[in-house]
Structures are given as C-alpha cells and as structure tokens.
Amino acid sequence: METGTAKRTKEELRKKGSRRIPRTIQLSQGAGGSMMEALIENLIAKRLDIKSSFVGSGIDKLEDAGIIDLGDIKLAFTTDGCTVDPMFYPGGSLGSLSVGATINDLAVMGAKPIAISFGLILEEGLPLDILERTLDRMSAVCKESGVPIITGDTKVMEKGKVDKLVINTAGIGIIQGDIISDYGAQPGDKILVSGTMGDHGMSLVALRFGFQSNLRSDEAPLWHMMEQLLNIGGITSAKDATRGGFSPNINELARKSNVCFYVYEDKIPIKPEAKRLGEVLGIDPLSTACEGKIIMTVEPAKADEILETMRHHKYGKEAAIIGEVRRNPKGQVMLETEVGGRKALHTPVGELYPRIC
Amino acid sequence: MLEFRDKTTTEALIKEIRKISPENNIKVMHVCGTHEMTITRWGLRGLLPKNIKLICGPGCPVCVTSSSEIDFAIKLVKEKDVILTTFGDMFRVPGTGSSLSEAKSQGADVRVIYGIDEAAKIATKTEKQVVHFSIGFETTVPSIASEILESKTLKNFSIICSHRLIPPAMDYLLSSEDIEIDGFICPGHVSTIIGCEPYGVLAEKFAKPMVVGGFEPNDMLLSILMILKQIKAERPEVENEYTRAAKKEGNILAKKMMNDVFETCDRGWRGIGIIPNSGLRLKDEFMELDGEKKFKIEIRKSQDLRPGCKCGEIMKGKAIPQDCRYFGKACTPENPIGACIVSAEGPCYIAYNYS
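Student: Lay out the state of the cysteines in plain terms, naming residues and giving numbers.
Tutor: All names here are of chain B. Taken as a whole, this structure holds 1 disulfide over all chains when the rule is applied. Disulfide pairing places C60 opposite C63 at an S-S distance of 2.5 Å. Looking along the S-S bond of the C60-C63 disulfide, the torsion reads about 75°, which is the right-handed sense. Accessibility classification places C60 together with C63 in one group, the buried group.

Structure below.
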C-alpha cells in the first residue's frame, strides 16, 4: 500500500528487514506475529499470486477471505488449518474451532456462510471416540450457523507422522451487501471490539501451566451477530482477532487502512482473571488468541447502535468502544495507558514466552 | 495493587518530579529487564520531564550472554546426542552465526522450558544427556541452586552455567570514566534475594543515589522522585522503595543456597567486556553437573558484536538504539544481528517496538 510520504515508516522498515527468511521453518513463523506475516507476505503470497478476471480480492490482499466476483454474485472463499493441544478444553475443542474459524473469516468480510468442506488427517491409533466427539462438535457449530458441510476428504497417516488429528476446513460465503475489507478505516471512525480480549489464549495458557482458573475459550461462530450488524451498516473495516489476538490484528487494520488507531487501554475489555494470569506469567492477553471476537471500525453516527446490537447478542455482551481512528501517525496503533502514558502497540514477533526475570 | 496504578497518584508523582527536577540533564539507569517493561508498558518516559533520561543498563540476562556461550550450546546440541533446554528468550538470540531456534529447525533437540525443574524431570525420563542452558541474574540463581542440590545424583543432567551478578556490573559501569550516571534504580527482583546492602557499598564508593524500586508504574515514578530528592539534598545513599518485597538483608536462605553451590568468577558480558567477579560457576563438588566440563567441545573464535553493532554502547548508556546503523534496518526482532533486539527485555527491542 502506498503511504504517500517520502519517509519510510517503521512498518516498512520492518518489512525490509524481514525479507531474509530463515531457510528452515521455525515455530515462531506460525505464531501469528510479524515473523508469520513476513513468511506469508514475502514468500507464500508472492509465489502463489496468479491473476484471474474472476478474482475480486486475491491472495496478495492477505484478507481473511478471498473474493470471487461473478458479476451479480460475489462470493467469499476462505480456508483454515487447525491443530490444538489439547484437543478438548474448557469452552471449545479442535472440531468446533476448525469450522468456527472458517465461518468467522467469512462473516468479517460481510459474507453469509453457505457451504463448508473439511479435510481430516488422522494418525494411526487415534481412538474412535475422539474422532466421533470432534465430528459432533463440528456439526453442532455448523447447525447453529445454518451452514451445511457439503464435501470432505479423509486420510490416515502412519503413527508418528502426524499428531493425532489435523483438520483443514474451507468455506464459501455469499455477499449480499457491501464487502467489508480490512483496509477501509477512516479518520473519525470509532473502534469497537465485540468482547473480552485474549480469552482463548489465556485459558489455554492456564491449562498448560496447570493453573486453576475459570477462564474458558471464547469460541463462537459469529455470523448471526454479524448479520444484524451488517443490517445497521456503517462498518468500515473488520477482522476477527484470532491467531496472535488483539495486537497483530488491530495493527493489520491500521497498517492496511494507513491511519492511526488510537486506543484507550482502560476501555479494552479483558477478563480480570486473564489480566492477573498474564501478569503472573509475563504474557500479554492482548497478544493471545481470541476465537469469537471481532475488531471493527464504524462510522461515528452508527457506532452506538452497533454497540447496543452487539451487547444484545449472546456473543457480544461485553462489547466496547475502545478508541477512535485518527489521521496520524499513519499505520500505527497508539495506546493510551491506564496511567496516562502513551505508546505504540506493535505486532509481537513470534511465540510468547514468559519473561525470565 | 490499585494505588500502584492509580492515575491520580501518577499525576501527583509527576507533579512532584517536575517541581524538584533540576535544569540540567539527569541520567537515571536501571539494570532490570522488568523495570524496562514497566517503563515502556505504561509509557512512563513520555510522562517525565525531557531532561530526566531513563537509561536501560545491562539488565537483560539474554542480551549480556556472550556469543561463545551460545555458540557452545549450539555446537553441543548439534554434534552430541543431547537434549538442550533453555528459557524462551534465549531461543532466538544469535550467537556468532546462528541461533538455537535455527538449530532446532534443523533437527537438534532444543526444548523451551519455564523452570529448571522441567529439565531435571526430562532427565529422569530419558537415557539421553540433558543439558540446561542456565542463564539469569541473582533472581534466577537460587532456583537453579536448589535443583542442583536435588539433582546432583542424576548422571545424565548438567548445566551450562551462564549466570551473572548485578552489583559487580554496576561497580564496573560506575568505575568507567566515560560513563555518566547520576543515579540507579536498583533491580527489585534481584534485591529480594541479595537485599539492599550491596548497593549501600556502591552508593558510598561512588557517591551516587541508589533506590531499590518495585515494578508498578507508581513504584518507578516514586523511585525516580527519591533519586531526585537525594540529588537535591546531596545525600547519596541506598533507599528502598520496594519495601513490600525486598528486605535490607535479602533472602538469607536463598543466599546460603547460592553460596553452597556456586562461587564467583570473572565473566565476559556481551558488548561490555570482562567484568571481575561478575559470573558464577559451580563449585568443585558439583563439577559433574558442569556441562562445559562434561562435554569438551572446542568452538571456533566467537564474535559478540558484528562490526558496527552498538549493543554494548547502548547497554552502557553511551548510545541509544537509533544511533546504530543496523537498528530497524538490517537488524529487526525478526532478523536480529545484535542480542538486544531479541528479548522483550532488550533495549533495542523495546526502542523498536515502543518508541
């Protein structure tokens, strides 16, 4: 995206430095941070960028879904590869996550999900009841959203060649109104989140570190809520805050829209327990995944109505207006901290590790 | 917790700081990664008067670990059939050439753990040799000492002992003629172990204010105010702001355990040089747990800083990250050249992400 300024922004310098991609794949390249962005933008998307007149928005746009433009009909098309350890956890499971992620990628583009496919890769020796429970969870989420699973593929791999169960899903959605992009935020817009940030990630962190907690994954298919919001109108950009959570996703919105997202820290909803656990472990809930939350920008005149509608929906009870879009500094997220200090909020690099001291 | 983050208190403290702040530049150094996190996390630098400079000293344990130690760990895990454990921050720091993260992606068995007890647990469940790359300051050392005492009978467990001590580094910086520091915020976590007395010696020797500070935003601001008051009254001494956790005498039990297992030695700090008595090594009776002695591996000449990298100058408070020609261009958190841009506690990482 052209910035129109002679001086290169920090994000551009970051890109320049990121061109050297390590010659073997590292874990941090899948963690939703800037290392992952670099791999996708500078290698994957570049090698697979094939033009076609049917493509309304292709892989080079790096959006939650691509757009197929058939003239009168516009379709959104997306895919997700899912693996979680453990496979079942408070508030969710691998099965529900896999289809939920696909439904949400379509929903944030303004597309009504109409069909889903799956690919199952099973490890030899996987207990059948795990597969049964996983399929039941997939089915339940699709029923709730009114989306059929219409095709699939199943492979079994030799023991040790894959970890238990990996699911790939793909989904098609139909766009009946405006396409919601991740680059349309305008100065003056309000910034909204549909609920507490970091629930999914922090609940898994609690589980992995053996902390007793009431935290649950926030997994939720968001099409029905999104449908109501689309009917109100005024949404200028949206993203679901999945991998990497709030920080990388809001940064992507700011960078692609080439505006400043100015956010008040005390307005960002975070469960007190997630906040406390984050402080104990040195892990920022703003950089851990959500699986049922949207970050969006809304024209100021519509913001209150959108907020109220979100709050009336079961998946948006803790929605909040957390800030506003400003002109400068372009492409950055500025956070006004609880004590009144100001800082740029950046995309984390890779995996999150607790600090040493 | 509330009063330590209360905005009204923050504003009152800032007002007091402005009132007492002299005209000239005041350089206050801290030597703790978590202090830097607090400063940047809450955006405190922007709240202070412009002439109060907060400098991030060599308080990030990852940043000061020399390349030779990292090179040794990489060569060990690549060439011998061992499991190498380390803390996450260490994982991506480059040695002379590559990092442990790269070694892992090429097939070496490197595991990120959160406490040394996990490494010992791995050792009890495998025939393989388990080597823990053990870094950290006084805060980390007692837990390592305790595990050494418990695991000394394990035949397949050892550590690469890369521990360092903070007060000798402060002494070294204050002794250097070309480094100007007007006061220290002393590391609260380290002080819960070693207490406040070691800084008292330094305050007297160098006539500089020393305040042991906590980790909430208002802790830090109060510590700065206490330093400014000392400067104004010309009474350099050690004071304790973090009374709720750090005691004058520290943690006697932890100190004893440290002394039982380790002894001091001279050690090189990446980018700074050899600091006398600033390192810890295992005492002779624990020699069998010393990974460097157990696996005699020759490493080629290592290089701490690539020519032009200013990590060392930055940690001494003589340069800022923006002075470095690599910073933000060839050297980024994704593709680090120096160590200071990798750890979330490193001064370059922090400048890159929060300035």
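Okay, back to it.
Student: Provide a residue-level description of the environment of A254 of chain A, including the pertinent values.
Tutor: All names here are of chain A. Note on placement: A254 falls in helix α7 (residues 246-257). By relative accessible area, A254 is classed as buried at 0%. Here the alpha-carbon distance between A254 and D178, two residues 76 residues apart in the chain, equals 20 Å. If we ignore the near neighbours within four places in the chain, the residues touching A254 are V259, F261, G331, Q332 and V333.

Student: Let's hear about the interface of chain A and chain B: which residues, and what values?
Tutor: With 34 residues of chain A at the interface, the matching set in chain B holds 46 residues. Taken over both partners, the interface formed by chain A and chain B buries close to 3500 Å², and the fraction arising from carbon and sulfur atoms is 54%. There are 2 salt bridges connecting chain A and chain B. There are 6 residue pairs in polar contact (both at pLDDT 80 or more) connecting chain A and chain B. Mapped onto the side of chain A that touches chain B, the elements with two or more residues apiece are α1 (10-17), α2 (34-47) and β15 (342-345) of chain A. Broken down by element, the side of chain A that touches chain B gets its largest block of residues, 4 residues, from α1 of chain A. Here the side of chain A that touches chain B is built from residues that sort into 12 nonpolar, 10 polar and 12 charged.

Student: Give me the lowdown on the domain arrangement of chain B, citing residues and values where you can.
Tutor: All names here are of chain B. Here chain B is described as being made up of domain 1 (31-309) and domain 2 (311-354). The centre of domain 1, based on its C-alpha atoms, is set 18 Å off from the matching centre of domain 2. Counting residues at the interface gives 29 residues for domain 1, matched by 25 residues for domain 2. Of all residues in domain 1, C63, R92 and C309 bury the most surface against domain 2, accounting for 22% of the area lost on that side. The tally of links between domain 1 and domain 2 comes to 1 salt bridge. With a closest N to O distance of 2.5 Å, D178 and K318 form a salt bridge. Connecting domain 1 to domain 2 are 5 residue pairs in polar contact (both at pLDDT 80 or more). Residue assignment for the side of domain 1 that touches domain 2 shows that the elements contributing at least two residues are α3 (33-41), β2 (52-56) and α4 (61-64). Among the residues forming the side of domain 1 that touches domain 2, the class breakdown is 17 nonpolar, 6 polar and 6 charged.

Student: Describe the pattern of salt bridges, and please don't skip the residues or the numbers.
Tutor: One pass over the full model with this rule turns up 40 salt bridges over all chains. K128 of chain B is the partner of D109 of chain B in a salt bridge, and the nearest nitrogen-oxygen pair spans 3.9 Å. Here D109 of chain B, found in the loop between α6 (100-105) and β4 (110-113), pairs with K128 of chain B, found in the loop between α7 (116-124) and β5 (129-136); they are 19 residues apart in sequence, far enough to count as distant. Close ionic contact of R281 of chain B with E263 of chain B constitutes a salt bridge, the shortest N to O distance being 3.1 Å. A residue pair is termed long-range when its members are at least 10 positions apart, and R281 of chain B in strand β11 (residues 273-282) and E263 of chain B in strand β10 (residues 262-269) qualify at 18 residues. A residue is classified by how much of its surface remains accessible, and E263 of chain B, at 28% relative accessible area, is partly exposed. The network of salt bridges with common partners includes D64, D182, K239, E252 and K256 of chain A.

Student: Requested: an account of the packing of aromatic side chains, with residues and values cited.
Tutor: Applying the stated rule across the entire model yields 5 aromatic pairs over all chains. Taking 4.6 Å as the distance between ring centres and 65° as the angle between the ring planes, the aromatic pair formed by F209 of chain A and Y114 of chain B counts as edge-to-face. Note that F209 of chain A is positioned in helix α5 (residues 199-209) and Y114 of chain B in the loop between β4 and α7, a pairing that runs across two chains. Overall, the relative accessible area of 27% leaves F209 of chain A in the partly exposed class. For the ring pair F215 of chain B and Y242 of chain B, a centre distance of 5.6 Å and an interplane angle of 85° mean the geometry is edge-to-face.

Student: Explain unusual backbone geometry to me, and be specific about the residues and the numbers.
Tutor: Cis rather than trans, the peptide bond between D85 of chain A and P86 of chain A has omega equal to 0°. Turning to its location among the elements, P86 of chain A is positioned in the loop between β3 (74-82) and β4 (88-89). Along the chain, N328 of chain A connects to P329 of chain A via a cis peptide bond; the corresponding omega equals -10°. Note on placement: P329 of chain A falls in the loop between β13 (320-326) and β14 (333-336). Although it is not a glycine, E234 of chain B adopts a positive phi angle of roughly 50°. Here E234 of chain B lies in the loop between α12 (217-233) and β9 (238-240).

Calculation notes
- For every chain, the first residue of its written sequence is number 1, and the numbers climb from 1 along that sequence.
- By the order in which they are written, chains take letters starting at A while ligands take numbers starting at 1.
- Predicted model: local features are reported for residues with pLDDT of at least 70 only, side-chain atom pairs are reported and counted for 80 or more only, and whole-chain, interface and lining totals are derived from all residues.
- The basis for every side-chain value is the complete set of heavy atoms in the structure, and neither hydrogens nor water enter the calculation.
- By definition, disulfides here are pairs of cysteine sulfur atoms that lie within 2.5 Å.
- Here's how the labels work: a residue is buried when its accessible area is under 20% of the maximum for its type, exposed when over 50%, partly exposed in between, all with a 1.4 Å probe on protein chains only.
- Each helix is a run of H or I in the DSSP string that is no shorter than four residues. Each strand is a run of E no shorter than two, and both are numbered from the N terminus.
- Two residues form a contact once any of their heavy atoms are found within 4.5 Å.
- Each of two parts loses accessible area, computed with a 1.4 Å probe, when they are put together; buried area is these two losses added.
- Each salt bridge in this description consists of a side-chain nitrogen of Lys or Arg and a carboxyl oxygen of Asp or Glu lying within 4 Å of one another.
- Pairs of N or O atoms within 3.5 Å make up the polar contacts considered here, provided that, within protein, one atom can donate a hydrogen while the other can accept it, and that residues adjacent in sequence are counted only when both atoms are side-chain atoms.
- The residue classification treats Ala, Val, Leu, Ile, Met, Phe, Trp, Tyr, Cys and Pro as nonpolar and Asp, Glu, Lys and Arg as charged. All others, Gly included, are polar.
- Residue ranges for the domains originate in an automatic or database domain assignment.
- Each Phe, Tyr or Trp ring, with Trp reduced to its six-membered ring, pairs with another whose centre is within 6.5 Å; inter-plane angles below 30 degrees give stacked pairs, above 60 give edge-to-face pairs, and intermediate values give tilted ones.

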